[in-house]
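# Commentary on secondary and tertiary structure
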Amino acid sequence: MYRYALKVYGCQMNVYDGDKMKTALKERGWTETGEEEADVVILNGCSIRDKAEQKVWSDLGRFAPRWERERKPFVAVTGCVAQNVGRKMAARFPWVRFVSGPRHIGAVPDGLEKLMASPGETFQFLDDDPRAFIDLPGAPVERVNPWKAFVTIAHGCDNFCSYCIVPYVRGRFVSRPPEDILEEMRTLAADGVLEITLLGQNVNSYGSDFSDGYTFANLLRDGALKTGVRLLRFATSHPRDFTPDIVDTMAEHSPVICPSINLPIQSGSDRILSLMNRGYSVERYRETVSLIRSRLPGVGLTTDLIVGHPGETEEDYRQSLKVLEEFRFDLVHSAAYSPREGTAAARREDQVPREEKMARLNEVNRLQSGIALEINESLVGSLFTVLLDDVAPRGEELLQGRTPSDKVVLVEGGEDMLGRFVPVEITRADNWCLSGRIVENRK
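So, here is what we can say about the structure in this document. (Residues numbered from 1 in each chain as written. Predicted model: local features only at pLDDT ≥ 70, side-chain atom pairs only at ≥ 80, totals over all residues. Heavy atoms only, no water.)

Where empty space is left can be seen by rolling a probe of water-molecule size over the atoms. A full pass over the atoms with the stated rule returns two cavities of 30 Å³ or more. Estimates place the volume of the largest cavity at around 50 Å³. Surrounding the largest cavity, Asp 17, Met 21, Asn 44, Thr 78, Gly 79, Ser 100, Gly 101, Pro 102, Ile 105 and Val 108 form its lining. Of all the secondary structure elements, the ones that give two or more residues to the lining of the largest cavity are helix H1 (12-27) and strand E4 (74-79). When its residues are assigned to classes, the lining of the largest cavity shows four nonpolar, five polar and one charged. Here the second largest cavity is characterised by a volume of approximately 40 Å³. In terms of lining residues, the second largest cavity is bounded by Met 13, Pro 102, Arg 103, Phe 133, His 155, Gly 156 and Arg 170. (1 Å grid on protein atoms, 1.4 Å probe; cavity = no way out; pocket = protein on both sides within 12 Å on 5 of 7 lines; lining within 4 Å. Points joined across faces, edges and corners; volume = space filled by probe spheres on them. Helix = DSSP H or I, 4+ residues; strand = E, 2+ residues; numbered from the N terminus. Nonpolar A, V, L, I, M, F, W, Y, C, P; charged D, E, K, R; others polar.)

Shown next, in the form of structure tokens:
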């Protein structure tokens, strides 16, 4: 049969889609291999920021030498980068013979087999209907990690933030049926998965397109009670839609539902939030944070922040620094504004110079680094139950896991301990992770 290689860029949803493609191809007899041996290389790419898109462009050029020698491999570009610029990639690189947007993931296996049967053709499956979706059935049993898995609960987005191309490349919002999600979770738990993260561009909107009143809080409750999963997380939330019933459900079903929340603020300026079309004020965000921290002691609260949005003044930017100092997030995913063609912000004339954006970004990172270190140092001496889920990237005989609040923890241990829950005492803190020691060796 055919051989393929898969490379994933970008967000957790792309990892999930990649796992589903691997599962479907294996069921058809395809073999995963390295790029040099592959008949088809699948690049499942991101286009949300320009930097992520440029990674795919750069990788595409690497196939020229082998193509000149062997007329291999065929390259399939999938994901939101395919929806955004896949046609351009196919026009520029003759080895790009397959293009599929993220809402046509279900067309990938048949499409790749058609490609191998008709190697002179180029196949394109792009998402012309923003509400249509062709899915791959079943759970992703071929996974990057045997103990952790992602499950997408909704596709697309209807928010149309000024800076974001998600509604254009991933389509409009649609919730997956709850019975499909819960069955997928049960299948994963039966296959040895201990931790599941529910994914969506805005998980809080889950169920808003249903007529029966079933909400994200209902899904969290059912996921905790009816699937057998040991740990349940989710990403990402929208402050406008983060309702009290979500917090209540998390509190009632602890420790299965982990006390960790990503709540993107994006700016500390109400004026910029309005330009961004975010639909909330800093005061409303403050009320939501107060509710979360009052009901979930020890919660890990992270956020996303953009500096240099068109029209952002020095005063607007200073207000963003103030909210970082006020809310003291555990982690901030910070970024300089990146113009995306077709969005409202990209059409504005008051773009902030790149040098200014980078200076602001560097200052944000310095401030947040100090805040994160102070928070993490306060945890030294604490004891957490941690799922050891991978080998740490920074040294031999180190394993990694995460606290319930989603902080990375490094411990000494052999690979035979992977997939175990262990009690860990925190012994040292850095600004991005914790180090600890296992105080008792048990499953």
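In this section: the nonpolar core. Ranked by internal contacts, the top residues of the largest apolar core, which has 62 residues, are Leu 198 and Ile 261. Contacts of Ile 261, omitting those with residues within four sequence positions, involve Phe 234, Ser 237, Phe 242, Met 250, Ile 292, Leu 296, Val 299, Gly 300, Leu 301 and Thr 302. Residues Leu 6, Ile 42, Ala 90 and Val 99 belong to the second largest nonpolar core, which totals 40 residues. (Core = buried A, V, L, I, M, F, W, Y, C linked by side-chain atoms within 4.5 Å. Buried < 20%, exposed > 50% of the residue type's maximum accessible area, 1.4 Å probe, protein only. Contact = heavy atoms within 4.5 Å.)

The next thing to look at is the environment of Glu 252. Here Glu 252 shows up in helix H9 (residues 244-252). Sequence separation between Glu 252 and Arg 295 is 43 residues, and the spatial gap between their C-alpha atoms is 9.8 Å.

This part takes up the sheet that holds strand E6 (residues 123-125). Taken in spatial order, the six strands of this open sheet run E2-E1-E3-E4-E5-E6, and their pairing is parallel. Each edge of the open sheet carries a strand with a single partner, namely strand E2 (31-32) and E6. The sheet contact formed by strand E5 (residues 96-100) and E6 spans three bridges and is parallel. Bridge assignment links Ser 100 to a residue of E6, and that residue is Phe 125. Where H1 meets the sheet, its contacts fall on strand E1 (3-8), E2, strand E3 (40-45) and E4, and the angle it forms with E1 comes to roughly 170°. (Pairing = 2+ DSSP bridges. Axes fitted to C-alpha atoms, helices over the stretch in contact; angles between N-to-C directions.)

Turning our eyes to something else, we now look at a negative patch on the surface. A cluster of acidic side chains, namely Asp 390, Glu 396, Glu 397, Glu 412, Glu 415 and Asp 416, defines a negative patch on the protein surface. Here Glu 397 falls in the exposed class, since its relative accessible area comes to 55%. (Patch = residues over 30% accessible without salt bridge, like charges linked within 9 Å, V, L, I, M, F, W, Y side chains within 5 Å. Areas by Shrake-Rupley, 256 points an atom, 1.4 Å probe, with all protein chains shown as cover. Salt bridge = Lys/Arg side-chain N within 4 Å of Asp/Glu carboxyl O. Lys, Arg positive; Asp, Glu negative; His and termini not counted. Charge placed at Lys NZ, Arg CZ, Asp CG, Glu CD.)

One way to put it is that helix H2 (residues 50-61) packs onto helix H4 (residues 80-92) with a least axis distance of 11 Å and a crossing angle of 25°. What the angle tells us is that H2 and H4 run roughly parallel. The hand of the H2/H4 crossing is right-handed. In this structure, H2 contributes Glu 53, Val 56, Trp 57 and Leu 60 to the contact, and H4 contributes Val 81, Asn 84, Val 85, Lys 88, Met 89 and Arg 92. (Parallel < 35°, antiparallel > 145°, perpendicular 65-115°, else oblique. Left-handed = near helix turned anticlockwise from the far one by under 90°.)

So, on to the sheet that holds strand E15 (residues 383-391). The strand order around the closed barrel formed by five strands is E15-E16-E17-E19-E18, and the pairing between neighbours is mixed. Geometrically, the sheet is characterised by an average inter-axis angle of 55° between neighbouring strands, direction not taken into account. Direction of pairing for E15 relative to strand E16 (residues 398-402): antiparallel, over a ladder of four bridges. Of the residues in E16, the one forming a bridge with Val 391 is Leu 399.

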